[in-house]
Amino acid sequence: EVQLVESGGGLVQPGGSLRLSCAASGFTFSNYWMHWVRQAPGKGLVWVSRITSDGSNIAYADSVKGRFTISRDNAKNTLYLQMNSLRAEDTAVYYCARVHFSGGANDNWGQGTLVTVSS
Amino acid sequence: DIVMTQSPDSLAVSLGERATINCKSSQSVLYSSTNKNHLAWYQVKPGQPPKLLIYWASNRESGVPDRFSGSGSGTDFTLTISSLQAEDVAVYYCQQYYSVPVIFGQGTRLEIK
């Protein structure tokens, strides 16, 4: 069974940092592209970042470019999101999501981890 | 960036009736070399992660009931629920994955009339 488990969320002050992790199991993690997607309270889904299977190609939403860094450790079956210079508008549930084997769509999602940026 | 616009923003349908949600992209998401539309539909229920329903605009994900179907090409797409069930109450999102940034529609809230 495919499982994605996020961790690392919490309360942080504006300007602070957090590192999210997404532990993958039940599939060959190193074969799949991965995304981070977020959802602010009461709002819609917003794509944050994407990384290819070998980590060689990365993309970010403009809203996080220069502040967030996506990475992966295929030996540990883990995806990461380093978040720096956090702002109140970064408050959201952050999901990691696997890209479908045929490409593009996100076929498996974690339960999400809540990040709250507040003083 | 591609803009994805869903209509309506909310929808109330009687049990057993058809529900139709539309999604329009600001530019074509049809990749000519593969003839595939890079468009997906998701269902989001409160407190749960998104669930993939449809990919490549019309391919139903494994395990998704056949009352859900997707159609359209280029810039105009539709998600249809042929006979609404109580468990279908949710917010539905379209997503383009033709190019980065990946963009979701604003969502359509589906309720029972």
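Residues numbered from 1 in each chain as written. Chains lettered and ligands numbered in written order. Predicted model: local features only at pLDDT ≥ 70, side-chain atom pairs only at ≥ 80, totals over all residues. Heavy atoms only, no water.

S.K.: Before we move on, can you summarise the overall build of chain B with the specific residues and values?
M.R.: Within chain B one finds 0 helices and 13 strands. Taken from the N to the C terminus, the helices and strands of chain B come in the order β-β-β-β-β-β-β-β-β-β-β-β-β. Compactness check: chain B gives a C-alpha radius of gyration of 13 Å against a globular reference of 13 Å for 113 residues, within 12% of the reference. When the backbone C-alpha atoms are referred to their principal axes, chain B occupies close to 40 × 25 × 25 Å. Taken across its 113 residues, chain B has 48% of its residues classed as buried. Long-range contacts, defined here as pairs at least 24 residues apart, represent 55% of the contacts in chain B between residues at least 6 apart. (Helix = DSSP H or I, 4+ residues; strand = E, 2+ residues; numbered from the N terminus. Rg over C-alpha atoms; globule rule 2.2 N^0.38 Å. Buried < 20%, exposed > 50% of the residue type's maximum accessible area, 1.4 Å probe, protein only. Contact = heavy atoms within 4.5 Å.)

S.K.: Requested: an account of the packing of aromatic side chains, with residues and values cited.
M.R.: Each aromatic ring pair is specified by the distance between its two centres and by the angle formed by the two planes. Inspection of every chain in the model, using the stated rule, returns 8 aromatic pairs over all chains. Relative to Tyr42 of chain B, the ring of Trp109 of chain A has its centre 5.6 Å away and its plane inclined at 80°; by these criteria the two rings are edge-to-face. Of this pair, Trp109 of chain A sits in strand S10 (residues 106–109) while Tyr42 of chain B sits in strand S6 (residues 39–44), each in a different chain. Judged by its relative accessible area of 11%, Trp109 of chain A falls in the buried class. Between Tyr31 of chain B and Tyr98 of chain B, the ring centres sit 6.1 Å apart and the planes meet at 70°, which makes this aromatic pair edge-to-face. Residue Tyr31 of chain B is found in strand S4 (residues 30–31), and its partner Tyr98 of chain B is found in the loop between strand S11 (90–96) and strand S12 (103–104); the two are separated by 67 residues along the sequence. Residue classification places Tyr98 of chain B among the partly exposed residues on the basis of a relative accessible area of 32%. Aromatic ring contacts, followed pair by pair, group Tyr95 and Trp109 of chain A together with Tyr42 and Phe104 of chain B into a single cluster. (Phe/Tyr/Trp six-rings, centres within 6.5 Å; stacked < 30°, edge-to-face > 60°.)

S.K.: Run through the side chain of Gln95 of chain B, naming residues and quoting values.
M.R.: Relative to the helices and strands, Gln95 of chain B resides in strand S11. Here the side chain of Gln95 of chain B touches Asn106 of chain A through a polar contact of 3.0 Å, side chain to side chain. (Polar contact = N/O pair within 3.5 Å; in protein donor to acceptor, adjacent residues only side chain to side chain.)

S.K.: Quick rundown of the layout of surface pockets? Include the residues and the values.
M.R.: If you add up the space inside the largest pocket, you get close to 460 Å³. Gln39 and Lys43 of chain A together with Val91, Tyr93 and Arg109 of chain B are the residues nearest the centre of the largest pocket, which is lined by 24 residues in total. Within the residue set of the lining of the largest pocket, elements represented by two or more residues are strand S9 (92–99) of chain A together with S11 and strand S13 (108–112) of chain B. Element by element, the count of residues in the lining of the largest pocket is highest for S13 of chain B, at 4 residues. (1 Å grid on protein atoms, 1.4 Å probe; cavity = no way out; pocket = protein on both sides within 12 Å on 5 of 7 lines; lining within 4 Å. Points joined across faces, edges and corners; volume = space filled by probe spheres on them.)

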